[in-house]
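Here is how the chains run, residue by residue.
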Amino acid sequence: MSSFFSMDSPVMRFLSRVCDLIILNLLAIVCSIPIVTIGASITAVFSVTLKMVKGEESYIVRGFFKGFKENFKQATIIWVIMAVIGLFLYMDYRSAALLPDSMRSIFQVLIGAVAVIYLIIFTYLFPYLARFQNSLKNIFKNSLLIAILNLPWTLLMIVCPIALVVVTFLTTTTLVYGSMLWVLMGFAVISYFNSITFRKVFAKYEPHNEEEEVSDSLDTPEELPEHHETPAK
């Protein structure tokens, strides 16, 4: 029985991880209240979960605010850009409903295709920023290219959260309990499981020996612009 409550037991490690994700989720929600800071909050969450899945344990609160502060400027600019683009896509889709039937279908399909590309880029932007240092231009470029080069994983990371959102809104009961779970730990849990995939994907573009880590430069495929690993991340 004593081994069951040991801090090294699987049950206690699981409960500890759940508590960490709850704390992380609440931090992200609180720090996202100003709206403009959502990008920095997402990046901070991934800066913690990417370390979690690699077994690099650290203080959750300290790690979150460290990632929040270090990436605030770029994350905020990226968030504003993506929020504006998302708003325009939504307005265009609503406006397309006012067109004649023949034109409406064409425009809605085109907008839908752009929306898919938007989701693909959005999925990688903040995790990439949490893991690597780069210019804004290359963050967008590399996020798109890495997403396309790893399309099956990309689609999985897009479809699963969307499916969970759909399930949440299925009935009044799922909406009530689902909303509670989202507020409690939902966003952090998704980030955690996505980080498992991101670690596998990003490993292809990270240094493979100590010499490369010292130089902080990455051996990347020819298709990708140069990017640099963030030493502190």
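Residues numbered from 1 in each chain as written. Predicted model: local features only at pLDDT ≥ 70, side-chain atom pairs only at ≥ 80, totals over all residues. Heavy atoms only, no water.

1. Things to note about the packing of aromatic side chains
What counts, and what does not: Note on ring pairs: Phe, Tyr and Trp rings are taken, using the six-membered ring of Trp, and paired if centres are within 6.5 Å. Classes follow the plane angle, with under 30 degrees stacked, over 60 edge-to-face and the rest tilted. Think of it in three bands: with a 1.4 Å probe and only protein chains considered, a residue is buried below 20% of the maximum accessible area for its type, exposed above 50%, and partly exposed in between. The criterion is that NZ of a Lys, or CZ of an Arg, lies within 6 Å of the ring centre and within 35 degrees of the ring normal, and then a charge sits over that ring.
Tallied over the full model, the rule gives 14 aromatic pairs. When the centroid spacing of 5.0 Å and the interplanar angle of 45° are considered together, the rings of Tyr 128 and Phe 132 count as tilted. Of the two residues, Tyr 128 and Phe 132, both sit in the buried class. An aromatic cluster is built from Phe 46, Tyr 124, Tyr 128, Phe 132, Phe 198 and Phe 202, whose rings are joined through pairwise contacts. Across the ring face of Phe 132, the terminal group of Arg 131 is positioned such that the distance to the ring centre comes to 5.8 Å.

2. Let's talk about the environment of Glu 70
Operational definition: Numbering of helices and strands runs from the N terminus; a helix is a DSSP stretch of H or I covering at least four residues, while a strand is a stretch of E covering at least two. In the analysis that follows, any N or O atom pair within 3.5 Å is treated as a polar contact, provided that within protein one partner can donate a hydrogen and the other can accept it, and provided that, for residues neighboring in sequence, both atoms belong to side chains.
Following the sequence through the fold, Glu 70 ends up in helix 3 (residues 60–70). In terms of polar contacts, Glu 70 uses its side chain to reach the side chain of Lys 66, at 2.9 Å.

3. As for helix 6 (residues 136–149)
Defined as follows: Take the number of residues in a helix, subtract one, and multiply by 1.5 Å to get its expected span. Note: the arc covers the axis-to-C-beta directions of the helix. Throughout, a residue-residue contact means that at least one pair of heavy atoms, one from each residue, lies within 4.5 Å.
Its 14 residues place the ends of helix 6 20 Å apart at the C-alpha level, agreeing with the 20 Å of an ideal helix rising 1.5 Å per residue. Regarding helix 6, the residues found buried are Asn 138, Ile 139, Asn 142, Ser 143, Ile 146 and Ala 147. The arc that holds every buried residue of helix 6, seen down its axis, measures 155°, which confines them to one face. In this structure, the buried residues of helix 6 make contact with helix 4 (72–96), helix 5 (101–131), helix 7 (151–168) and helix 8 (172–202).

4. Focus on the packing of helix 1 (residues 10–31) against helix 2 (residues 38–54)
A pair of packed helices is captured by two measures, namely the crossing angle of their axes and the spacing between those axes. Filter applied, for reference: Between N-to-C directions, angles cover 0 to 180 degrees, with each direction set by a line fitted to C-alpha atoms, over the stretch in contact for helices. Note on angle classes: values under 35 degrees are labelled roughly parallel, values over 145 roughly antiparallel, values of 65 to 115 roughly perpendicular, and the remainder oblique. In a left-handed crossing the near helix is turned counterclockwise from the far helix by less than a right angle, and in a right-handed crossing that turn is clockwise. Residues are sorted three ways: Asp, Glu, Lys and Arg are charged, Ala, Val, Leu, Ile, Met, Phe, Trp, Tyr, Cys and Pro are nonpolar, and all the rest, Gly among them, are polar.
At a closest axis distance of 9 Å, the pairing of helix 1 and helix 2 adopts a crossing angle of 165°. Classified by the angle their axes make, helix 1 and helix 2 are roughly antiparallel. Helix 2 is crossed by helix 1, and the crossing has right-handed handedness. Side by side, helix 1 and helix 2 meet where Arg 17, Asp 20, Leu 21, Leu 24, Ala 28 and Cys 31 of the first sit next to Ser 41, Val 45, Val 48, Thr 49 and Met 52 of the second. Broken down by class, the residue content of the contact of helix 1 with helix 2 amounts to seven nonpolar, two polar and two charged.

5. A few points about the UniProt feature "transmembrane region" (unreviewed entry) in the chain
Selection criterion: UniProt positions are given in the numbering used here, feature names are shortened, and annotations may be inferred rather than shown by experiment.
Here the UniProt-annotated "transmembrane region" (unreviewed entry) positions come out as residues 22–50, 71–91, 106–130, 142–169 and 175–194. Annotation note: span residues 22–50, helix share 79%, strand share 0%, distance between end C-alpha atoms 16 Å.

6. Points about helix 5
Convention followed: In this analysis the local bend is the angle between axes fitted, respectively, to the seven residues ending at and the seven residues starting at the residue.
For helix 5, built from 31 residues, the straight-helix expectation of 45 Å at 1.5 Å per residue is met to within 8% by its first-to-last C-alpha distance of 46 Å. Of all the bends in helix 5, the greatest, near 25°, is centred on Leu 125, and the proline Pro 127 appears no more than four residues after it.

7. Description of the side chain of Thr 168
As for its position among the elements, Thr 168 is in helix 7. Side chain to side chain, Thr 168 and Trp 182 meet in a polar contact 2.9 Å long. In this structure Thr 168 touches Thr 174, Leu 175, Gly 178, Ser 179 and Trp 182, once residues within four positions along its chain are discounted.

8. Some points on unusual backbone geometry
Even without being a glycine, Ile 35 presents a positive backbone phi close to 70°. Mapped onto the secondary structure, Ile 35 falls in the loop between helix 1 and helix 2. Of the residues examined, Ile 35 reaches a relative accessible area of 51% and is grouped as exposed.

9. Comments concerning the packing of helix 7 against helix 8
Contact geometry of helix 7 with helix 8 gives a least axis separation of 10 Å together with a crossing angle of 175°. Judged on the interaxial angle alone, helix 8 and helix 7 are roughly antiparallel. Residues Trp 153, Met 157, Pro 161, Leu 164, Val 165, Val 167 and Thr 168 of helix 7 pack against Thr 174, Leu 175, Gly 178, Ser 179, Trp 182, Ile 190, Asn 194, Thr 197, Phe 198 and Val 201 of helix 8. When its residues are assigned to classes, the contact of helix 7 with helix 8 shows eleven nonpolar, six polar and no charged.

10. With respect to the nonpolar core
Let me state the cut-off plainly: Nonpolar cores were defined as sets of buried Ala, Val, Leu, Ile, Met, Phe, Trp, Tyr and Cys residues, with membership established by side-chain atoms within 4.5 Å.
Ranked by size, the top nonpolar core spans 46 residues in total, and within it Leu 24, Phe 64, Ile 78, Tyr 124, Leu 125, Phe 198 and Phe 202 carry the most contacts. Other than its neighbours up to four places away in sequence, Tyr 124 contacts Ser 143, Ile 146, Ala 147, Asn 150, Thr 154, Met 157, Phe 198, Val 201 and Phe 202.

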